[in-house]
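Each chain, written out:
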Amino acid sequence: MTPVMLSIAGSDPSGGAGIQADLKTAAALGAYGATVITALTAQNTLGVTGIHAVPVHFITAQYDAVVDDLDVRAVKIGMLGSVDVIEAVAAMLRRHPVPAVVLDPVMVATSGDRLLPPGAEAAIRDLLLPLATVVTPNVPEAAMLTGRQVGSVEDMIEAGHALIALGAAHALVKGGHLGGEDSVDVLVSADEVIRLEAPRVNTANTHGTGCTLSSAVASRLAHGEPVVPAVAAAKDYLTRALVAGAGLRIGHGNGPVDHQVAG
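Residues numbered from 1 in each chain as written. Predicted model: local features only at pLDDT ≥ 70, side-chain atom pairs only at ≥ 80, totals over all residues. Heavy atoms only, no water.

### Remarks on the overall build of the protein
Okay, step 1: Counting secondary structure elements, the protein contains 8 helices and 9 strands.
Okay, step 2: In terms of overall size, the protein behaves like a compact globule, its C-alpha atoms giving a radius of gyration of 17 Å where 263 residues would be expected to give roughly 18 Å.
Okay, step 3: C-alpha extents for the protein along the principal axes are approximately 45 × 40 × 40 Å.
Okay, step 4: Across the 263 residues that make up the protein, the buried fraction comes to 54%.
Okay, step 5: Accessible surface computed for the protein: about 10600 Å², of which carbon and sulfur atoms make up 55%. (Helix = DSSP H or I, 4+ residues; strand = E, 2+ residues; numbered from the N terminus. Rg over C-alpha atoms; globule rule 2.2 N^0.38 Å. Buried < 20%, exposed > 50% of the residue type's maximum accessible area, 1.4 Å probe, protein only. Areas by Shrake-Rupley, 256 points an atom, 1.4 Å probe, with all protein chains shown as cover.)

### Side note on helix H4 (residues 120-128)
Helical periodicity: at 3.6 residues per turn, an α-helix aligns residues three or four positions apart in one direction.
Okay, step 1: For H4, the set of buried residues is Ala120, Glu121, Ala123, Ile124 and Leu128. One side of H4 carries all its buried residues, which in axial view fall inside an arc of 155 degrees. (Arc of directions from axis to C-beta.)

### Brief notes about helix H7 (residues 209-222)
Okay, step 1: For H7, with 14 residues, the first-to-last C-alpha span of 20 Å sits near the 20 Å given by 1.5 Å per residue.
Okay, step 2: Within H7, 13 of the 14 residues are buried, which leaves the element mostly enclosed by the surrounding structure. (Expected span 1.5 Å × (residues − 1).)

### Concerning the nonpolar core
Okay, step 1: Ranked by size, the top nonpolar core spans 48 residues in total, and within it Leu6, Ile8, Tyr63, Ile77 and Val89 carry the most contacts.
Okay, step 2: Those residues in contact with Leu6 that lie beyond four places of it in its chain are Ala34, Thr35, Val36, Tyr63, Val66, Val67, Val72, Ala74, Val75 and Lys76.
Okay, step 3: Ala216, Val227, Ala234 and Tyr237 belong to the second largest nonpolar core, which has 28 residues in total. (Core = buried A, V, L, I, M, F, W, Y, C linked by side-chain atoms within 4.5 Å. Contact = heavy atoms within 4.5 Å.)

### With respect to the packing of helix H1 (residues 18-28) against H7
Okay, step 1: Running from amino to carboxyl end, H1 crosses H7 at an angle of 40 degrees, the nearest separation of the two axes being 9 Å. Considered as vectors, H1 and H7 are oriented oblique to each other. The element H1 and its partner H7 pack so that their crossing is right-handed. Residues Gly18, Ala21, Asp22, Thr25 and Ala26 of H1 touch H7, and the partners they reach there are Cys211, Thr212, Ser215, Ala216 and Ser219.
Okay, step 2: In terms of residue class, the contact of H1 with H7 is made up of 4 nonpolar, 5 polar and 1 charged. (Axes fitted to C-alpha atoms, helices over the stretch in contact; angles between N-to-C directions. Parallel < 35°, antiparallel > 145°, perpendicular 65-115°, else oblique. Left-handed = near helix turned anticlockwise from the far one by under 90°. Nonpolar A, V, L, I, M, F, W, Y, C, P; charged D, E, K, R; others polar.)

### Concerning empty space enclosed by the protein
Okay, step 1: On inspection of all chains with the given rule, the structure shows 1 cavity of 30 Å³ or more.
Okay, step 2: Considering only enclosed or pocket space, the largest cavity measures out at about 30 Å³ in volume.
Okay, step 3: Residue lining of the largest cavity: Ile77, Gly78, Leu80, Leu103, Asp104, Pro105, Val106, Ile124 and Leu128, and that is the complete set.
Okay, step 4: Residue composition of the lining of the largest cavity, by class: 7 nonpolar, 1 polar and 1 charged. (1 Å grid on protein atoms, 1.4 Å probe; cavity = no way out; pocket = protein on both sides within 12 Å on 5 of 7 lines; lining within 4 Å. Points joined across faces, edges and corners; volume = space filled by probe spheres on them.)

### What to know about the pairing of strand S2 (residues 32-44)
Residues in a regular strand point their side chains to alternate faces of the sheet.
Okay, step 1: Direction of pairing for strand S1 (residues 4-11) relative to S2: parallel, over a ladder of 8 bridges. Paired with Ser7 across the strands is Thr35, a residue of S2.
Okay, step 2: Of the pairings in the sheet, the one linking S2 to strand S3 (residues 47-53) comprises 6 bridges and is antiparallel in character. From the neighbouring strand, Leu40 faces S3, where its bridge partner is His52.
Okay, step 3: Counted along the chain from S2 to the antiparallel partner S3, the turn is 2 residues long. (Pairing = 2+ DSSP bridges.)

### Digging into the pattern of salt bridges
Okay, step 1: According to the stated counting rule, one finds 7 salt bridges in the structure shown.
Okay, step 2: In this structure, Lys235 engages Asp185 in a salt bridge whose closest nitrogen and oxygen atoms are separated by 3.0 Å. With a gap of 50 residues between them, Lys235 in helix H8 (residues 227-245) and Asp185 in strand S8 (residues 182-189) connect regions that are remote in the sequence. (Salt bridge = Lys/Arg side-chain N within 4 Å of Asp/Glu carboxyl O.)

### Some remarks on the side chain of Thr45
Okay, step 1: Secondary-structure assignment places Thr45 in the loop between S2 and S3.
Okay, step 2: In terms of polar contacts, Thr45 uses its side chain to reach the backbone amide nitrogen of Gly253, at 2.9 Å. (Polar contact = N/O pair within 3.5 Å; in protein donor to acceptor, adjacent residues only side chain to side chain.)

### So, the environment of Ala65
Okay, step 1: Within the element layout of this structure, Ala65 appears in helix H2 (residues 56-69).
Okay, step 2: Judged by its relative accessible area of 53%, Ala65 falls in the exposed class.

### With respect to the environment of Pro199
Okay, step 1: Following the sequence through the fold, Pro199 ends up in strand S9 (residues 193-199).
Okay, step 2: Looking at Pro199, the relative accessible area reads 60%, which means it is exposed.
Okay, step 3: With near-sequence residues (within four places) excluded, Pro199 lies in contact with Glu181, Asp182 and Ser183.

What follows is the structure, given as structure tokens:
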């Protein structure tokens, strides 16, 4: 049976991030992608020019329609947009839980545009972190959620431990913002810390990388893989998608990765 991965996130009409990236990733990794759309965005490779929120009751209706019919094995949570939506998603997952939840705490787009109102990180921290099988913040998001300065790999590890203390089962803290020749992420759980390293890909085509990585983790978990190999395979997939996408000429800004590389 094909495993189902459900993405709860915003739509990107340019196709490189959000729901569209999640569906492409699920297909590449052999999962069936389903969606709950939380917001429509007007965006492209240059930035976000508008956000139209989906009413909370209709977000709930989408979720109920999917989980009442499909055997969802993993949920990926991306852009939520407001405290009301965060509260609704947390309530949905408590009412109808799924085996694995990957939380990508989307706060700021690659372009620098803020996608979550100030203060909403408290709702993510209090309501969604305790439900997360894996939380996948980048360095700025980890700093926002933990109230810590994160400027080194050691800081990333400490932030990961803080996220575990706040309720997440595993924290994948992504170090792309730190620079350097290698891209170093750390996967922290209660009893171990694993460094995941890959050569940094020299490319401007990074639109939607966070969405792609988190949906890749969710797709692997939907197949029933344990967290550590699922995360390692997801990072490998993203690295190969970055390499393959480096030559793409789509848009005039930060273009997308190539999601079509084999999983």
